[in-house]
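# Understanding the architecture of this molecule
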Amino acid sequence: LSLAWEPGWDGGLAQHFLLRADGPDAPPPPAHLVTSGFSLTLGGLRPETPYDVTVRARNARGDSAPVRLRAVTSALPEAPPPVWPAPEVPPGGGEDP
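Heads up: these notes are all about the structure in this document. For clarity, every value in this text was computed on a predicted model and none was experimentally measured. (Residues numbered from 1 in each chain as written. Predicted model: local features only at pLDDT ≥ 70, side-chain atom pairs only at ≥ 80, totals over all residues. Heavy atoms only, no water.)

### Comments concerning the pattern of salt bridges
How we decide: Salt bridge criterion: a side-chain nitrogen from Lys or Arg within 4 Å of a carboxyl oxygen from Asp or Glu. A helix here means a DSSP run of H or I that spans at least four residues, while a strand means a run of E at least two residues long, and both kinds are numbered starting from the N terminus.
For the coordinates displayed, the defined rule picks out three salt bridges. In this structure, Arg-70 and Asp-52 form a salt bridge, with 2.9 Å as the shortest nitrogen-oxygen distance. You can see Arg-70 sitting in strand S7 (residues 67-72) and its partner Asp-52 sitting in strand S5 (residues 50-59), a full 18 residues away along the chain. Its salt-bridge partner being Arg-58, residue Asp-63 comes within 2.7 Å of it at the nearest N-O pair.

### Some remarks on the packing of aromatic side chains
We apply this condition: In this scheme Phe, Tyr and Trp rings, the latter by its six-membered ring, pair at centre separations within 6.5 Å, and the angle between planes marks the pair as stacked below 30 degrees, edge-to-face above 60, and tilted otherwise. In this scheme, a residue with accessible area under 20% of its type's maximum is buried, one over 50% is exposed, and one in between is partly exposed, where area comes from a 1.4 Å probe on protein chains only.
This model, assessed by the stated rule, comprises two aromatic pairs. Measuring from ring centre to ring centre gives 5.9 Å for Phe-17 and Phe-38, while their planes differ by 80°; the resulting arrangement is edge-to-face. Note that Phe-17 is positioned in strand S2 (residues 16-22) and Phe-38 in the loop between strand S3 (32-34) and strand S4 (39-41), a separation of 21 residues in sequence. Here Phe-17 falls in the buried class, since its relative accessible area comes to 5%. For Phe-38, a relative accessible area of 41% puts it in the partly exposed group. Among the aromatic side chains, those forming a connected cluster through ring pairs are Trp-5, Phe-17 and Phe-38.

Shape is all these values report; function is a separate question.
Here it is as structure tokens:
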């Protein structure tokens, strides 16, 4: 699940972001503290599963109010069918004389 955001006003203090994804019937991954950049990819999530994502900004004065959104992970790509080599046909069509 890839997330990206634009930071708000930081009040002149160093700002970090705390993200968490919670999904039904699946243990949530640990909260992730992002200290640089404004994007994060969460791995280890179940395919085709809705997750509630919470994002908070954090600086020396404390945490912001949470921003919540719902995201659904993609399905796993289907494996292509196996490609079998075509049987070789001897010259003359393979028929017995």
